[in-house]
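So you can see what is in the structure, the chains are spelled out below.
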Amino acid sequence: MDDCIFCQIIAHKAPAEFVYEDDHVVAFMDIYPATRGHCLIVPRQHVRNLYDVAPDVAAAVMAVAVRLAPALRDVTRADGMNLWQSSESAAGQVVFHFHMHLLPRYAGDGLHVPGNRRRAAPAELNGLATDVRQRLMA
Ligand code: 5GP
Ligand code: ZN
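### Some thoughts on the pairing of strand β1 (residues 18–21)
Then, in step 1: Pairing analysis gives three bridges linking β1 to strand β2 (residues 25–29), with the strands arranged antiparallel. Bridge pairing in β2 places Phe18 opposite Phe28.
Then, in step 2: Counting the residues between successive antiparallel strands, the hairpin from β1 to β2 contains three residues.

### Here we look at the coordination of the zinc ion (ligand 2)
Around a metal, the perfect tetrahedron of four donors has angles of 109.5 degrees, and the perfect octahedron of six donors has angles of 90 or 180 degrees.
Then, in step 1: Only Cys4 (SG), Cys7 (SG), His46 (ND1) and His97 (ND1) from the protein coordinate the zinc ion (ligand 2), and they sit 2.0 to 2.3 Å from it.
Then, in step 2: Bound by four donor atoms, the zinc ion (ligand 2) shows angles of 103 to 118 degrees at the metal and therefore tetrahedral coordination geometry.
Then, in step 3: Expressed as a motif, the donor residue spacing for the zinc ion (ligand 2) is C-x2-C-x38-H-x50-H. Placement of Cys4 in the segment before α1 (5–10) and of His46 in the loop between β3 (39–43) and α2 (55–76) is noted, with a sequence separation of 42 residues between them.

### A look at unusual backbone geometry
Then, in step 1: Positive phi, close to 60 degrees, is recorded for Arg77, a residue that is not glycine.
Then, in step 2: Arg77 sits in the exposed class, given a relative accessible area of 71%.
Then, in step 3: Positive phi, normally seen in glycine, also occurs at Glu88, with a value near 75 degrees.
Then, in step 4: Taking the relative accessible area as the measure of exposure, Glu88 reaches 25% and is therefore partly exposed.

### Regarding the site of ligand 1
Then, in step 1: If you check the shell around ligand 1, you find 16 residues, and the closest are Asp30, Gly92, Val94, His99 and His101.
Then, in step 2: A distance of 2.9 Å is found between an oxygen atom of ligand 1 and a backbone nitrogen or oxygen belonging to Val95.
Then, in step 3: Protein chains shield 83% of the accessible area of ligand 1, which is 520 Å² for the free molecule.
Then, in step 4: When each cavity is represented as a set of grid points, ligand 1 is found to reside in the largest pocket.
Then, in step 5: Contributing elements (two or more residues each) for the shell around ligand 1: α1 and β2.
Then, in step 6: A per-element tally of the shell around ligand 1 places α1 first, with three residues.

Scoring rules and cut-offs
- Residues numbered from 1 in each chain as written.
- Chains lettered and ligands numbered in written order.
- Predicted model: local features only at pLDDT ≥ 70, side-chain atom pairs only at ≥ 80, totals over all residues.
- Heavy atoms only, no water.
- Pairing = 2+ DSSP bridges.
- Helix = DSSP H or I, 4+ residues; strand = E, 2+ residues; numbered from the N terminus.
- Donors = N, O, S within 2.8 Å, 3.2 Å for Na, K, Ca; no water.
- Tetrahedral: all angles 85-135°; square planar, octahedral: opposite > 155°, others 65-115°.
- Buried < 20%, exposed > 50% of the residue type's maximum accessible area, 1.4 Å probe, protein only.
- Near = heavy atom within 4 Å.
- Polar contact = N/O pair within 3.5 Å; in protein donor to acceptor, adjacent residues only side chain to side chain.
- Areas by Shrake-Rupley, 256 points an atom, 1.4 Å probe, with all protein chains shown as cover.
- 1 Å grid on protein atoms, 1.4 Å probe; cavity = no way out; pocket = protein on both sides within 12 Å on 5 of 7 lines; lining within 4 Å.
- Sits in = over half its atoms within 2 Å of the grid points.

Nothing here speaks to function; it is all geometry.
Structure representation (structure tokens):
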């Protein structure tokens with residue numbers, strides 16, 4: 001994928017500050033960090049997002065997240081950690097090569113996860129859950 005910045009980074013044709021590499025997954029520092037220590041975990045295989053990634057590839061990415069998170073916590077002395085993934089523009093995806101964000105969080109860092117939440121009606125939850133269960137069985 002010549003026009004994919006993450007493929008270029010993975011191929012070492014574009015610069016990045018790597019923190020981890022194995023046969024299937026790399027991790028590097030986000031160039032526009034939302035918080036100090038913001039990292040991206042990326043499979044070598046170019047797939048668009050959560051809708052396309054194979055379960056074993058996603059599992060390999062998750063395994064790196066589990067390994068990297070405590071190291072990142074210790075180095076940054078973060079108070080917490082978000083694991084974040086965006087699929088499609090409506091969700092905020094900008095780079096269309098599947099990745100997960102590891103976002104160290106600091107007490108009072110002011111970063112707000114968007115959400116104007118309201119308690120859902122039981123019938124609404126039941127209707128949606130029923131439809132999803134049926135879709136999974138299809
Ligand atoms: P998305 O919104 O697609 O989930 O996140 C893409 C992330 O990639 C953003 O946090 C953005 O800062 C980061 N990013 C975009 N271009 C580059 C780049 O060239 N190098 C690095 N290291 N990160 C990038
Ligand atoms: Zn790519």
